[in-house]
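# Tertiary structure, described
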Amino acid sequence: MSSAIASITVDCARPHELARFWSEVVGWPIDPDVKPDADEAWLRAPDGHPILLFIRVPEGKAVKNRLHLDLRPQDRTRDGEVERLLALGARQVDDRRTSDGKGWVVLTDPEGNEFCVERSAAERADD
């Protein structure tokens, strides 16, 4: 027997606002049953994917995440995606790009949760 991942859950102060940011990042809609002042908000994931769930907690983020998401752009380059995410409200905290074009960029969402942006599949095709 095994288990399937049902959701990836993010503790946060403002669930609806953070869900709105991540909805723009991944292109999944916020579930229409979610109310703006609710203590939980989630994105409607495509079939077979775990949902992204945002839950209000009283404490703020204090240390680096022990688990984070790695994103791979689908329709643009890594650098183009980084620029798009910065415009949405992400913040760059580390740059792990290398002189040969490989590597990744570490960003945080509006509440400080770290995530990485890798190269797109097209950029990896030359490896």
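Structure first, text after, so check above.
Presented here is an overview of the structure given in this document. (Residues numbered from 1 in each chain as written. Predicted model: local features only at pLDDT ≥ 70, side-chain atom pairs only at ≥ 80, totals over all residues. Heavy atoms only, no water.)

### Quick word on the pattern of salt bridges
Opposite charge on two side chains permits pairing when their charged atoms draw close. Scanning the entire structure with this criterion turns up 13 salt bridges. Notably, a salt bridge pairs arginine 56 with aspartate 39, separated by 2.7 Å at the nearest N-O pair. Of this pair, arginine 56 sits in strand β3 (residues 51-56) while aspartate 39 sits in the loop between α1 (15-26) and β2 (40-43), placing them 17 residues apart in sequence. The class for arginine 56 is partly exposed, based on a relative accessible area of 33%. Accessibility expressed as a relative area gives 48% for aspartate 39, which makes it partly exposed. Connected through shared salt-bridge partners, Asp75, Arg76, Glu81 and Arg84 make up one network. (Salt bridge = Lys/Arg side-chain N within 4 Å of Asp/Glu carboxyl O. Helix = DSSP H or I, 4+ residues; strand = E, 2+ residues; numbered from the N terminus. Buried < 20%, exposed > 50% of the residue type's maximum accessible area, 1.4 Å probe, protein only.)

### Some points on the packing of α1 against helix α2 (residues 78-88)
Remark: α1 packs on α2, axes separated minimally by 10 Å, with the N-to-C direction vectors making an angle of 160°. Taken together, the axis directions place α1 and α2 in an arrangement best described as roughly antiparallel. Regarding α1 and α2, the two cross each other, and that crossing is right-handed. Only Glu81, Arg84, Leu85 and Leu88 of α2 make contact with α1, whose side of the interface consists of Phe21, Glu24 and Val25. In terms of residue class, the contact of α1 with α2 is built from 4 nonpolar, no polar and 3 charged. (Axes fitted to C-alpha atoms, helices over the stretch in contact; angles between N-to-C directions. Parallel < 35°, antiparallel > 145°, perpendicular 65-115°, else oblique. Left-handed = near helix turned anticlockwise from the far one by under 90°. Contact = heavy atoms within 4.5 Å. Nonpolar A, V, L, I, M, F, W, Y, C, P; charged D, E, K, R; others polar.)

### Here we look at the nonpolar core
One finds Trp22, Leu43, Phe54, Leu85, Leu107 and Phe115 to be the most contacted residues of the largest nonpolar core, which totals 21 residues. Broken down by secondary-structure element, the contributors of at least two residues to this core are β1 (7-12), α1, β2, β3, α2, β6 (105-108) and β7 (114-117). The element best represented in this core is α1, accounting for 5 residues. The residues contacting phenylalanine 115, other than those within four sequence positions of it, are Phe21, Trp22, His68, Leu69, Leu71, Leu85, Ala90, Val105, Val106, Leu107, Thr108 and Asp109. (Core = buried A, V, L, I, M, F, W, Y, C linked by side-chain atoms within 4.5 Å.)

### A look at α1
In this model α1 runs 16 Å from its N-terminal to its C-terminal C-alpha over 12 residues, within 8% of the 16 Å that 1.5 Å per residue would give. Along α1, the residues that are buried comprise Pro15, His16, Leu18, Ala19, Phe21, Trp22, Ser23 and Val25. The inward-facing, buried residues of α1 contact β1, β2, β3, β4 (69-71), α2 and β7. (Expected span 1.5 Å × (residues − 1).)

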